[in-house]
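Reading the structure
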Number of protein chains: 2
Amino acid sequence: MVLRWGHRPARDARLTSHVALVARAFGADGIIISDVEDNKIRDTIGKIIENWGGAFTFEMGTPWKKVVRDWKANDGMVIHLTAYGENIQSSDVLGRIKRHGKNLLVVVGSQKVPSEFYYKDVADFNVAVGNQPHSECASLAVFLDRFLEGNELTKAFGNGRMRIVPMERGKKVKIDHEI
Amino acid sequence: MVLRWGHRPARDARLTSHVALVARAFGADGIIISDVEDNKIRDTIGKIIENWGGAFTFEMGTPWKKVVRDWKANDGMVIHLTAYGENIQSSDVLGRIKRHGKNLLVVVGSQKVPSEFYYKDVADFNVAVGNQPHSECASLAVFLDRFLEGNELTKAFGNGRMRIVPMERGKKVKIDHEI
């Protein structure tokens, strides 16, 4: 599950949509946009699921503290993606996370996150996809790609209207169901 | 080198900034925003380089056909990232690209790209970071992470003012030079 914190509807609309699409395409089972509601993003993601399939949950407005508390109460683990964290390439943080074998809540910020995010009431691990500033979309994608060892990219998304048939050249889409 | 095609200054400002930051953080040596000029993005990237270091070129306004033609004339290879291409996980496309050992121009679109992008006057390879819709930031990051085998995430960026010291908890920044 992915928790998007700090979404500002006017400013972050497209970035948060991309974060949600990345979550879905890279194997997360859902996204929670905490603290705020944004029906436009819900509609964008709803349309993607209708067309391209897959099981993916969308939740918005829940206070982030409640999301984190409930997740931990269910024996889940919280991963905070931040450029300040342990480097996913040079440290063994990914191995330590995997060894626990718990369900993950992956937290991605937008604006500057509250400092308590870094400490153990929130983050079990602070993970940096490199220690340079870049993009929450990129951090989420690379974290999930490494955590799931690439298998997410060949996963079948059932019950959609369309799917892409990969090709060397050109574009091919198969319509699976007429509706 | 990364070529960002189809940037629309009003609509794509933040996404294109993120694409440029991803290019830099994931080991590309520069970015070209083709066909349009956008001084705000140039300034954003300039400030990042000043603060966080590294050699990274920024070019804008050059027609994409000229960029591609010049790249190929210098024996470079063009990679087009698209959800319609060969799946980076289930095909051997990455191995075929590496075997050529050529300098890469990685093309990322924004709006719908012209169909000629898919054919060999432009793309030597069409690569899909999964065949689901998601985000050009994510595609670029995962493509570079796999192409460079993760080594880009520990690369030292010289001549910056600051660098992050990775930590399990909290935030630590080292100021390397006073200016």
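See the structure shown above.
Residues numbered from 1 in each chain as written. Chains lettered and ligands numbered in written order. Predicted model: local features only at pLDDT ≥ 70, side-chain atom pairs only at ≥ 80, totals over all residues. Heavy atoms only, no water.

A few words now on the relation of the copies chain A and chain B. With an RMSD of 0.0 Å, the operation that places chain A on chain B is a rotation of 180 degrees combined with a shift of 0.0 Å along the axis. Each copy turns onto its partner about a two-fold axis. Of every C-alpha in chain A, the one belonging to Ala 138 of chain A sits nearest the axis of rotation, 2.3 Å from it. Most of the interface of chain A is mirrored in chain B: 100% of its interface residues are interface residues there too. (Least-squares fit on C-alpha atoms with pLDDT ≥ 70 in both. Contact = heavy atoms within 4.5 Å.)

What follows concerns the packing of aromatic side chains. Residue and element names in this part refer to chain A. For the coordinates displayed, the defined rule picks out eight aromatic pairs over all chains. Ring centres 5.4 Å apart and planes at 70 degrees place the aromatic pair Trp 5 and Phe 117 in the edge-to-face group. Of the two residues, Trp 5 sits in the loop between strand E1 (2-4) and helix H1 (9-25) while Phe 117 sits in the loop between strand E5 (104-108) and strand E6 (125-128), which places them 112 residues apart along the sequence. Residue Trp 5 is classed as buried on the basis of its relative accessible area, which comes to 11%. Residue class for Phe 117 comes out buried when judged on its relative accessible area of 1%. For the ring pair Phe 143 and Phe 147, a centre distance of 5.9 Å and an interplane angle of 10 degrees mean the geometry is stacked. One end of the pair is Phe 143 and the other is Phe 147, both in helix H5 (residues 136-147) and four residues apart, which spans about a single turn. Phe 143 sits in the buried class, given a relative accessible area of 0%. Accessibility expressed as a relative area gives 22% for Phe 147, which makes it partly exposed. In textbook terms, an aromatic cluster arises when at least three aromatic residues are bridged by ring pairs, as seen for Trp 5, Trp 64 and Phe 117. (Phe/Tyr/Trp six-rings, centres within 6.5 Å; stacked < 30°, edge-to-face > 60°. Helix = DSSP H or I, 4+ residues; strand = E, 2+ residues; numbered from the N terminus. Buried < 20%, exposed > 50% of the residue type's maximum accessible area, 1.4 Å probe, protein only.)

Before going further, it helps to spend a moment on H1 of chain A. All names here are of chain A. An ideal rise of 1.5 Å per residue puts 24 Å on 17 residues; H1 measures up with 22 Å between its terminal C-alpha atoms. Its axis deflected by about 35 degrees at Leu 15, H1 carries its strongest bend there. Among the 17 residues in H1, twelve count as buried, and that is most of the element. Looking one or two residues past H1, Gly 27 carries a phi angle of roughly 95 degrees, positive in sign. (Expected span 1.5 Å × (residues − 1). Bend = angle between axes of the 7 residues up to and from the residue.)

As a further point, take the sheet that holds strand E3 (residues 57-60) of chain B. Residue and element names in this part refer to chain B. Pairing is parallel in the open sheet, where six strands are placed in the order E3-E2-E1-E5-E4-E6. Each having just a single partner strand, E3 and strand E6 (125-128) make up the two edges of the open sheet. Within this sheet the neighbouring strands show an average axis-to-axis angle of 30 degrees, counted without direction. In this structure, strand E4 (residues 77-87) lies alongside strand E5 (residues 104-108), joined through five bridges in parallel fashion. Bridging across to E5, Ile 79 finds its partner in Val 106. Across the sheet, helix H5 (residues 136-147) is in contact with strand E1 (2-4), E4, E5 and E6; its angle to E5 comes to roughly 155 degrees. (Pairing = 2+ DSSP bridges. Axes fitted to C-alpha atoms, helices over the stretch in contact; angles between N-to-C directions.)

Turning our eyes to something else, we now look at the pattern of salt bridges. All chains considered together, the criterion is met by 24 salt bridges over all chains. Between Glu 149 of chain B and Lys 98 of chain B there is a salt bridge, with the nearest N and O atoms lying 2.7 Å from each other. Taken together, the residues Glu 149 of chain B in the loop between H5 and strand E7 (162-164) and Lys 98 of chain B in helix H4 (residues 93-100) connect sequence positions 51 residues apart. Salt bridges sharing common partners tie together Arg 8 and Asp 12 of chain A together with Arg 14 of chain B. (Salt bridge = Lys/Arg side-chain N within 4 Å of Asp/Glu carboxyl O.)

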